[in-house]
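# Topology and contacts: notes
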Amino acid sequence: MLAAAVTLAGCASTNPRDPFEQFNRAMFRFNDAVDQAAVKPAAEVYSTLPTFVQIGVGNFFGNLEDGWTAVNNLLQGKLADGMSDVMRFTFNSTFGLGGLLDIGTEAGLPKHREDFGQTLGKWGVKPGPYIVLPILGSSTLRDVVAIPVDAQGDLWYNAYPVRVRNFGAAVRVIDQRAIVLDASNLVEEAALDRYQFVRDGYLQRRQSKVYDGDPPETSYEFDIGPSSMDESGVAEQSPVKGEQKATSAEPDPKPVVKVEQGAGSGADAGGVAKEVKQ
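Owing to the predicted nature of the structure, the values given are computational and were not obtained by experimental measurement.

### Looking at the overall build of the protein
Looking only at helices and strands, one finds 11 helices and 4 strands in the protein. Per-residue burial for the protein yields a buried fraction of 30% across its 278 residues. Of the contacts made within the protein by residues no fewer than 6 positions apart, 58% connect residues no fewer than 24 positions apart. For the protein, the computed accessible surface area is about 18300 Å², with 62% contributed by carbon and sulfur atoms.

Structure, rendered in structure tokens:
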């Protein structure tokens, strides 16, 4: 992490969300080379296995994720979702043969996906700059901080012996890569700048997940920059030197002068107020 920080310090960018773009692009190319050389071919071979095998593998590791998801939902104060995840994990681990069968979905318990990075976001921690990590891929500074916590909360991370854990981790990666084979092929064919496409998609998806699909509207200042606003909410431009500031098309109303005569000036009893418009 210290070496990465030193490297990132010398990589600047004009994008406020991606200040380390030069470094990130280099890491993106490295990850892409690893994917094209090893991960993607393995996923293509894996996708030829019988469908029930792929479903069973996905269900098994997905069930392990449900346990950590339940913890994060409870930490975020979403008690109903958290208890639903606890029941889902219990049913799938027992009646679902260790998670190979998805009994929870059939029982009406929807699957959620929460991690500690989302929990930090729910607590108000800003995402920080976009960062591409070696092998792990897209992330943000907030999610990088959450990685060690997510690793400890992952039940498979604590599996023994180590050779079984490593083999399972490799199968897990290949299974997840096989799921997005079609999507990645589409990106490779359609995107003019794959790095920018992946970056923007990741940041939008993470924001949506933190706010459970209902992110706040983006402010004008975030997209463009601050501007002076008049009372009607319309941005005003500073006047050019030598020119007067633009005013409304309608002329200002003429002043009204009120003249009030006293009781002894020949007016009606009690005094009458007369308005004289200039």
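### A word on helix H10 (residues 194–210)
Count 3.6 residues to each turn of an α-helix, and residues three or four apart come out pointing the same way. When the terminal C-alpha atoms of H10 are compared, their 24 Å separation across 17 residues agrees well with the 24 Å that a helix rising 1.5 Å per residue should span. Every buried residue of H10 is listed here: Tyr195, Arg199, Asp200, Tyr202, Leu203, Arg206, Lys209 and Val210. Those residues of H10 hidden inside the fold are in contact with helix H2 (21–46), helix H6 (116–122), strand E1 (130–133), strand E2 (137–140) and helix H7 (141–153). Where H10 begins, the side chain of Asp193 points an oxygen toward the backbone nitrogen of Tyr195, at a separation of 3.3 Å. Asp212 sits one or two positions beyond H10 and adopts a positive phi of about 55 degrees.

### Some words on the pairing of E1
What you see with E1 is no split at all: Tyr130 and Val132 on one side and Ile131 and Leu133 on the other are buried throughout. Here E1 pairs with E2 via 4 bridges, running antiparallel. Looking at the pairing, Tyr130 lines up with Thr140 of E2. Hairpin geometry of E1 and E2 is characterised by an intervening segment of 3 residues between the two adjacent antiparallel strands and by a positive phi of about 70 degrees at Ile135.

### Looking at the nonpolar core
Among the nonpolar cores identified, the biggest contains 9 residues, and these are Ala43, Tyr46, Val57, Phe61, Leu64, Trp156, Ala159, Ala178 and Leu181. Broken down by element, the residue count for this core peaks at 3 residues, all from helix H3 (residues 51–75). Here Ala178 is in contact with Ala43 and Tyr46, once residues within four sequence places are set aside. Residues Tyr130, Val132, Tyr195 and Tyr202 belong to the second largest nonpolar core, which totals 8 residues.

### A look at the pattern of salt bridges
Per the stated rule, a full pass over the model turns up 18 salt bridges. Of the charged contacts, one joins Arg25 and Asp193 as a salt bridge, the two residues approaching to 2.9 Å between their closest N and O atoms. A residue pair is termed long-range when its members are at least 10 positions apart, and Arg25 in helix H2 and Asp193 in the loop between helix H9 (181–190) and H10 qualify at 168 residues. Accessibility expressed as a relative area gives 24% for Arg25, which makes it partly exposed. Taken together, the shared-partner salt bridges in this structure form one network comprising Arg17, Asp18, Arg199 and Asp200.

### Description of H3
Taking 1.5 Å per residue as the helical rise, H3 with its 25 residues ought to reach 36 Å, and the 36 Å between its terminal C-alpha atoms agrees with that figure. Of the residues flanking the end of H3, it is Gly77, one or two places downstream, whose phi is positive at about 85 degrees.

### Some details on the packing of aromatic side chains
Under the counting rule described, the total for this entry stands at 8 aromatic pairs. One aromatic cluster is present, built from ring pairs that chain together Phe28, Tyr130, Tyr195 and Tyr202. Lying over the aromatic face of Tyr157, Arg165 brings its terminal NZ or CZ to 5.9 Å of the ring centre. The lysine or arginine in question, Arg165, covers the ring of Tyr160, its NZ or CZ lying 5.4 Å from the ring centre.

### Observations regarding a nonpolar patch on the surface
A contiguous nonpolar surface patch, about 490 Å² in accessible area, is contributed by Phe95, Leu97, Leu100, Leu101 and Ile103. Checked against the element boundaries, Ile103 lands in helix H5 (residues 103–106).

### Topic: the confidence of the model for the protein
Summary statistics for the protein give a mean pLDDT of 81 and a share of 73% for residues scoring 70 or more. The low-confidence segment residues 257–278 (pLDDT under 50) makes 18 contacts with residues lying over four places distant or belonging to another chain.

### Some remarks on the side chain of Asp150
By secondary structure assignment, the location of Asp150 is in helix H7. Here Asp150 sits buried without a salt bridge, and the closest side chain of opposite charge, Arg206, lies 6.5 Å off (N-O distance). A polar side-chain atom of Asp150 sits 2.8 Å from a polar atom in the side chain of Trp68. Setting aside residues no more than four positions away along its own chain, Asp150 makes contact with Trp68, Asp115, Phe116 and Gly117.

### A few points about the packing of H2 against H9
Orientation of H2 relative to H9, taken along the N-to-C sense of each, is 135 degrees, at an axis distance of 11 Å. As the angle between them shows, H2 and H9 are arranged oblique. Along the contact surface, H2 presents Gln36, Lys40, Ala43 and Glu44, while H9 presents Leu181, Asn185 and Glu188. Broken down by class, the residue content of the contact of H2 with H9 amounts to 2 nonpolar, 2 polar and 3 charged.

Criteria and thresholds
Residues numbered from 1 in each chain as written. Predicted model: local features only at pLDDT ≥ 70, side-chain atom pairs only at ≥ 80, totals over all residues. Heavy atoms only, no water. Helix = DSSP H or I, 4+ residues; strand = E, 2+ residues; numbered from the N terminus. Buried < 20%, exposed > 50% of the residue type's maximum accessible area, 1.4 Å probe, protein only. Contact = heavy atoms within 4.5 Å. Areas by Shrake-Rupley, 256 points an atom, 1.4 Å probe, with all protein chains shown as cover. Expected span 1.5 Å × (residues − 1). Polar contact = N/O pair within 3.5 Å; in protein donor to acceptor, adjacent residues only side chain to side chain. Pairing = 2+ DSSP bridges. Core = buried A, V, L, I, M, F, W, Y, C linked by side-chain atoms within 4.5 Å. Salt bridge = Lys/Arg side-chain N within 4 Å of Asp/Glu carboxyl O. Phe/Tyr/Trp six-rings, centres within 6.5 Å; stacked < 30°, edge-to-face > 60°. Lys NZ or Arg CZ within 6 Å of the ring centre and 35° of its normal. Patch = residues over 30% accessible without salt bridge, like charges linked within 9 Å, V, L, I, M, F, W, Y side chains within 5 Å. pLDDT = per-residue confidence, 0-100. Lys, Arg positive; Asp, Glu negative; His and termini not counted. Axes fitted to C-alpha atoms, helices over the stretch in contact; angles between N-to-C directions. Parallel < 35°, antiparallel > 145°, perpendicular 65-115°, else oblique. Nonpolar A, V, L, I, M, F, W, Y, C, P; charged D, E, K, R; others polar.

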